[in-house]
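For reference, the chains in residue letters:
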Amino acid sequence: MNTKIRINRYLAGAGLGSRRKCEKLVLGGSVRVNDIQVNNLSARIDPEEDVVTIDGKWVEYRNCKTLLVLNKPEGVLSSTRDVRGRKTVIDMAKEAGFSGRLYPVGRLDIDTTGVILLTDDGELAYRLTHPKYEIAKTYQARVKGMIAKNEEKKLAEGVDIGGYITSHCYVKVVKVTSKYTDVELTIREGKKRQIKRMFSAIGHRVIKLNRKSLGGLEFRDLKIGEIRSLRKKEENFLREKTKLILRRSK
Ligand code: URA
């Protein structure tokens, strides 16, 4: 996918002022791309590949998009709207005062709680859900019955969820009672209803499911039903993971 953008837009997206002001920076000769001076306004930048500096300082691209995290409650749909009028994650964002053409990044079932991102940044959403970027998703599942050691191993090694064998994943049994088992799982793929189908493949039913973290971010401050913008650090972390920005040199 070609994600190249004009140099002035890149600089404006990095927070260096209006596009007009950024044009002046380019024409003034202080901008370098991959260590080559660029004073041509038609130059295009690939945020994934190119290193842009001004006076020797790395210019980090932020494209001023909205990126929110919601701790989704049960009963809310992770879609933009519902023909049956049920509440969606986008309704929750609007109620909290956020606007724009937002949509959820991936899906959680109506009865699943936990971390879900909402954005208007198509490229970021695409990369966060594309298996190539291997974004980790950690779930806490309460399943009916007792999970035996060999079943735990099966889940970790991969099970057939109906024509698809799941990849290796991290599985940890957290609590076992005679009625249910609490299990933590980290997967790096995202087939529809994957966790429930994985447990179903070993003969157990999921009673409760919560997504605890995404991309290694836990958002522990968020109570169920709460929503907020991602902090700069969190957003950069995800943009680095999805190779939308370069890793800062130490
Ligand atoms: N796996 C499921 O089964 N359901 C979800 O909501 C998310 C992952």
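Small disclaimer: the values here were computed from a predicted structure and weren't measured. (Residues numbered from 1 in each chain as written. Predicted model: local features only at pLDDT ≥ 70, side-chain atom pairs only at ≥ 80, totals over all residues. Heavy atoms only, no water.)

Before going further, it helps to spend a moment on the layout of surface pockets. The volume enclosed by the largest pocket comes to roughly 560 Å³. Lining the largest pocket are 27 residues; nearest its centre among them are Gly106, Arg107, Leu108, Lys191 and Arg193. Looking at the lining of the largest pocket, the elements that each hand over two or more residues are α4 (122-129), β10 (137-144), α6 (194-201) and β13 (206-214). Partitioned by chemical class, the residues of the lining of the largest pocket number eleven nonpolar, seven polar and nine charged. Residues from two domains meet in the lining of the largest pocket; each of domain 2 (67-131 + 218-241) and domain 3 (136-214) gives at least three. Estimates place the volume of the second largest pocket at around 290 Å³. For the second largest pocket, the lining is made up of 16 residues, of which Gln140, Arg142, Lys208, Leu209 and Asn210 are closest to its centre. Elements supplying a minimum of two residues to the lining of the second largest pocket: β10, β12 (180-187) and β13. Among the elements that make up the lining of the second largest pocket, the one with the highest residue count is β13 (five residues). (1 Å grid on protein atoms, 1.4 Å probe; cavity = no way out; pocket = protein on both sides within 12 Å on 5 of 7 lines; lining within 4 Å. Points joined across faces, edges and corners; volume = space filled by probe spheres on them. Helix = DSSP H or I, 4+ residues; strand = E, 2+ residues; numbered from the N terminus. Nonpolar A, V, L, I, M, F, W, Y, C, P; charged D, E, K, R; others polar. Domains from an automatic or database assignment.)

Another point: the pairing of β10. Pairing analysis gives eight bridges linking β10 to β12, with the strands arranged antiparallel. What sits directly across from Ala141, in β12, is Val183. Pairing of β10 with β13 involves seven bridges; the strand directions are antiparallel. Each residue of the ladder has a partner; that of Thr138, found in β13, is Ser213. (Pairing = 2+ DSSP bridges.)

What follows concerns the site of the ligand. Neighbouring the ligand are Leu108, Asp109, Thr112, Tyr139, Arg193, Gln194, Ile195, Lys196 and Leu209. A distance of 2.8 Å separates an oxygen atom of the ligand from a polar atom in the side chain of Thr112. One of the backbone nitrogen or oxygen atoms of Lys196 is found 3.0 Å away from an oxygen atom of the ligand. Bound to the protein, the ligand loses 96% of the 230 Å² it would expose on its own. The pocket occupied by the ligand, as judged from atoms lying within 2 Å of grid points, is the largest pocket. Here the shell around the ligand gets three residues from one element, more than from any other, and that element is α6. By residue class, the composition of the shell around the ligand is four nonpolar, two polar and three charged. Both domains that meet at the shell around the ligand, namely domain 2 (67-131 + 218-241) and domain 3 (136-214), each give it at least three residues. (Near = heavy atom within 4 Å. Polar contact = N/O pair within 3.5 Å; in protein donor to acceptor, adjacent residues only side chain to side chain. Areas by Shrake-Rupley, 256 points an atom, 1.4 Å probe, with all protein chains shown as cover. Sits in = over half its atoms within 2 Å of the grid points.)

Another aspect to go through is unusual backbone geometry. Within the chain, Asp35 stands out as a residue other than glycine whose phi angle is a positive 70°. Take Asp35: it is sitting in the loop between β2 (31-33) and β3 (36-37). We classify Asp35 as exposed; its relative accessible area is 58%. One non-glycine residue with positive phi stands out, namely Arg193, at about 50°. Within the secondary structure layout, Arg193 lies in the loop between β12 and α6. (Buried < 20%, exposed > 50% of the residue type's maximum accessible area, 1.4 Å probe, protein only.)

Nothing here speaks to function; it is all geometry.
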